[in-house]
Structures are given as C-alpha cells and as structure tokens.
Amino acid sequence: MDYIDLNFRFDNDLSDKTYGEKLLQLFDKYDVEIGYLGYFEPINISFSRERFMEMWGVEQDGMSDFFARLHKRKSFLVIDPCYDGPGSVYISLCLSKAHYNDRQNRWLTLFKEVCIELNPYRADMCMDYGSISSLYDYDRENFGFLKPEEVSWFNYWSDDLLAIGDTTDIGSYEWFNRERIESGCFYQLTDQIDASNLDSRSEEARIIFGNGVLLRRELVEEDDIDWDEDYFDWEYK
C-alpha cells in the first residue's frame, strides 16, 4: 500500500506534556481522529486524551516511542518525544493514499501548522521513499537524523538547518513554491505529490545545493542490498 508521510524531526526534547497537548489540539482542529494506542503490536489500547498524555514522554521497557492507529483508517502515527541524540525526537504521520486523497489541502495545512506550533528542526511531506533510500548509504556522522536524506515533495527547513548549507544556491533554485515563516522556510518541489518528474527534480536539487543541506550518500553495492526486506518491504506495506 502507498503511504504519504508527514515527518517532523526535532533537535530538542519534547517530553514536556504541553507539546503533546498542542499536537492533540491541532488534531482536533483538523479532524484527525485516533482510534487505538500502543507501544508495540497489537495496537489495541482504546484512545482517550488522558491515556495519550500518560504515554507521552514516558518510557516503557526502555522505549519512549509509541504508536497510534487512526479511527477506521489504515493510517497511523509514530511518536518519540524523548531526546536521545541529534534528530532522535520525531513525529511521523503515515497516511494511506485514500485517506490523503480525501482532503489533500487540509493535510498540507496541518503540516504547516505543526511546523509553526512545534518548531521542528526539519520536516517533510512525501510519498514513502523507503525503496529509494535503501539503495544508498547515508553518512550520519555528527548529524544523526538532523539532515534530510533527500529533497522531498514538500519540505520545511529551519533557520538552524539552513545555516549549515549555502542558502544562495537554495534561494536561486526554481522551486514550484517557497514560503518564508519566522523560524524557517517551506520549499515545494512540484505541483503534485505524485508528479512524474518528482524524482528527477529531487536529484537536480541535490546536485545544485545538496552538499550543504542533505546527508552525503553512496550507492550501495548490489550484493549488499537485501531486496526482500529493504527494497520491497512487504511487511511494512
């Protein structure tokens, strides 16, 4: 199944429950209804606001991440609000293609509001590109998950991230759309998230300014690729 991912990476701890409450308020505003919660499969704890807040920022068996399935949807949410290294704090909302298509503009507006309210280090909105990234080794030394692997369809890059690269090259690139906010900037690569030229535009952007903003990468030797698990990823889909 195709998923559209809304990924948010932070360079600060979000274990304070006020962040969890802000996220729920945004979900209420955009009618994102959670059905079940859990730390691992099966995800079968009935959602309540109180239970969600009890799980936020609390470790279970040494793990602080938890999952949520959206009500009567194949979409789901993964959250780790506790800091354990650069870029380790994240919120990831994975939408089924049908769920995304129901209200595309609203999901984009939600993405922007999460960036404004929670101020991530970086964020992106894209079709799941796990099959592409599995073909490369990414150099995470000193950066962990702070730098993005690729240029996505819709990107939010904070001023802290932009300070690493050459903003002249980024600013002069022919984006489909660009929008400045107080803490950073939104960059849209193509009109539609499934545009036929999205991959080529992403590669073009990497060539022009990627060395400063993106993680360096090397193509994985074919013999080192686990095609069953990494490329096709049947269980995930």
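Predicted, not measured: the structure shown is a model, and the values here were computed from it.

J.: Tell me what's going on with the overall build of the protein, and back it up with residues and numbers.
T.: A tally of regular secondary structure across the protein gives nine helices and twelve strands. Taking 18 Å as the expected radius of gyration for a compact globule of 237 residues, we find that the protein reaches 18 Å, a close match to that expectation. In terms of overall dimensions, the protein has a C-alpha envelope of 45 × 45 × 35 Å along the principal axes. A buried classification covers 49% of the 237 residues belonging to the protein.

J.: So what's going on with the pairing of strand β11 (residues 184–188)? Which residues, and what values?
T.: Side-chain direction in a regular strand flips from residue to residue, so the side chains alternate between the two faces of the sheet. With respect to burial, β11 is a largely interior element, five of its five residues being buried. Alignment of strand β9 (residues 154–158) against β11, held across five bridges, turns out to be antiparallel. Counted as the bridge partner of Asn155 is Tyr187 from β11. In textbook terms, the turn of a hairpin is the stretch between consecutive antiparallel strands, and for strand β10 (residues 177–181) and β11 this stretch comprises two residues.

J.: Provide a residue-level description of the confidence of the model for the protein, including the pertinent values.
T.: Looking at the protein as a whole, the pLDDT averages 89, with 91% of positions reaching at least 70. In the predicted structure, residues 229–237 sits below a pLDDT of 50 and forms 17 contacts with residues beyond four places in sequence or in another chain.

J.: Kindly report on the pattern of salt bridges, identifying the contributing residues and their values.
T.: The tally for this structure, following the rule as stated, stands at 15 salt bridges. Across the salt bridge formed by Glu41 and Arg69, the nearest N and O atoms sit 2.4 Å from each other. Placement of the pair is Glu41 in the loop between β2 (34–38) and β3 (45–46) and Arg69 in strand β4 (residues 66–70), with a sequence separation of 28 residues. Judged by its relative accessible area of 55%, Glu41 is exposed. The exposure class of Arg69 is partly exposed, given its relative accessible area of 31%. The salt bridge involving Lys112 is made with Glu179; its shortest N-O contact spans 2.9 Å. With Lys112 in helix α4 (residues 104–118) and Glu179 in strand β10, this residue pair connects regions lying 67 residues apart in the sequence.

Criteria and thresholds
Residues numbered from 1 in each chain as written. Predicted model: local features only at pLDDT ≥ 70, side-chain atom pairs only at ≥ 80, totals over all residues. Heavy atoms only, no water. Helix = DSSP H or I, 4+ residues; strand = E, 2+ residues; numbered from the N terminus. Rg over C-alpha atoms; globule rule 2.2 N^0.38 Å. Buried < 20%, exposed > 50% of the residue type's maximum accessible area, 1.4 Å probe, protein only. Pairing = 2+ DSSP bridges. pLDDT = per-residue confidence, 0-100. Contact = heavy atoms within 4.5 Å. Salt bridge = Lys/Arg side-chain N within 4 Å of Asp/Glu carboxyl O.

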